[in-house]
Amino acid sequence: YRDLIEGKGGGVKDGRTLKCFVPGGSSMPILMPDQIDTGLAFEAVVAAGSMAGSGAVIVVDDRTCMVRFALRTAEFYMHESCGKCTPCREGTRWMTQILRKLEAGDATKRELDLLLSVAGNIAGKTLCAFGDAAATPVLTTLKWFKPEFEAYVKGNPPAPADYRARTPVESH
């Protein structure tokens, strides 16, 4: 991924540093900067702990709040859920509500644990792969960036970046 991100992609912009990257679209597990030398081949990405997915690489720089990253991704999956099965229909809504509460500074450690539980109860328990796609970004963001989530619980969130959109997506 180094040649793709730093070479052909021009690298992380404005002198920022790479925080993480998602090799195959928003539904794939996050890879960390020390994994940038992972090859582009399907097998190499799987060996690194992710999947090639759609091939849409998401590059995340150091100014990105991972709580906000998880929230925006959860809002997308909540909106796109067909609603046919309960884990996905209800789980995506719960994840989004908890993440919104966390971002607002109103969540507790208990709700952070609940977020992990809800995401875990979606993954592998839906009629199609959409549930896994919805749960994976939350699960891997929590795995790699849990201190950022805990900072919100402790009332010490990062300052919002000026580029962040503030309009939430609603379910249809």
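Quick summary incoming for the structure in this document. (Residues numbered from 1 in each chain as written. Predicted model: local features only at pLDDT ≥ 70, side-chain atom pairs only at ≥ 80, totals over all residues. Heavy atoms only, no water.)

This paragraph deals with helix H6 (residues 130-153). The α-helix advances 3.6 residues per turn, and as a result positions three or four apart in sequence lie on the same side. With 24 residues, H6 extends just 29 Å between its outermost C-alpha atoms, more than 12% less than the 34 Å of an ideal straight helix rising 1.5 Å per residue. A maximum bend of about 90° is found in H6 at Phe145, where proline Pro147 lies one to four positions downstream. Backbone geometry just after H6 places Gly155 at a positive phi near 80°. (Helix = DSSP H or I, 4+ residues; strand = E, 2+ residues; numbered from the N terminus. Expected span 1.5 Å × (residues − 1). Bend = angle between axes of the 7 residues up to and from the residue.)

Here the focus is the pattern of salt bridges. One pass over the structure, following the stated rule, counts 13 salt bridges. In this structure, Glu148 engages Lys19 in a salt bridge whose closest nitrogen and oxygen atoms are separated by 2.6 Å. Pair noted here: Glu148 is in helix H6 and Lys19 is in strand E1 (residues 18-22), with a separation of 129 residues, a long-range link. Residue classification places Lys19 among the buried positions, given a relative accessible area of 14%. (Salt bridge = Lys/Arg side-chain N within 4 Å of Asp/Glu carboxyl O. Buried < 20%, exposed > 50% of the residue type's maximum accessible area, 1.4 Å probe, protein only.)

With that settled, consider the side chain of Glu148. According to the relative accessible area criterion, Glu148 is buried, its value standing at 19%. A polar contact is formed between the side chain of Glu148 and the backbone nitrogen of Met66, at a distance of 3.0 Å. Apart from the residues within four sequence positions on either side, Glu148 is in contact with Lys19, Thr64, Cys65, Met66 and Val67. (Polar contact = N/O pair within 3.5 Å; in protein donor to acceptor, adjacent residues only side chain to side chain. Contact = heavy atoms within 4.5 Å.)

Okay, the nonpolar core next. Residues Met95, Leu99, Leu102, Leu115, Val138 and Phe149 are the most contacted members of the largest nonpolar core, which totals 23 residues. Counting residues per element, the ones that place at least two in this core are helix H3 (66-80), helix H4 (86-103), helix H5 (109-122) and H6. The element contributing the most residues to this core is H6, with seven residues. Leaving out residues up to four positions away in the same chain, Val138 has contacts with Ala74, Met95, Leu99, Leu115 and Ala119. Core analysis: the second largest hydrophobic core is formed by nine residues, Val22, Met28, Ile30 and Met66 among them. (Core = buried A, V, L, I, M, F, W, Y, C linked by side-chain atoms within 4.5 Å.)

As a further point, take the environment of Leu127. Mapped onto the secondary structure, Leu127 falls in the loop between H5 and H6. Judged by its relative accessible area of 64%, Leu127 falls in the exposed class. C-alpha of Leu127 to C-alpha of Ala74: the two residues are 53 residues apart in sequence and 18 Å apart in space. Leu127 has contacts with Lys84 and Cys85, leaving out every residue within four places of it along the chain.

To continue, consider the packing of aromatic side chains. Taken as a whole and assessed by the stated rule, the structure comprises three aromatic pairs. For the ring pair Tyr1 and Phe21, a centre distance of 5.3 Å and an interplane angle of 40° mean the geometry is tilted. Of this pair, Tyr1 sits in the segment before helix H1 (2-8) while Phe21 sits in strand E1, placing them 20 residues apart in sequence. Using a relative accessible area of 7% as the deciding quantity, one classes Tyr1 as buried. (Phe/Tyr/Trp six-rings, centres within 6.5 Å; stacked < 30°, edge-to-face > 60°.)

Right, let's talk about the side chain of Ser27 for a bit. Note that Ser27 resides in the loop between E1 and helix H2 (42-48). Each residue touching Ser27, except ones within four places of it in the same chain, is listed here: Tyr77, Ala133, Thr136 and Pro137.

Note that every value here comes from positions in space, so none of it alone points to a role or purpose.
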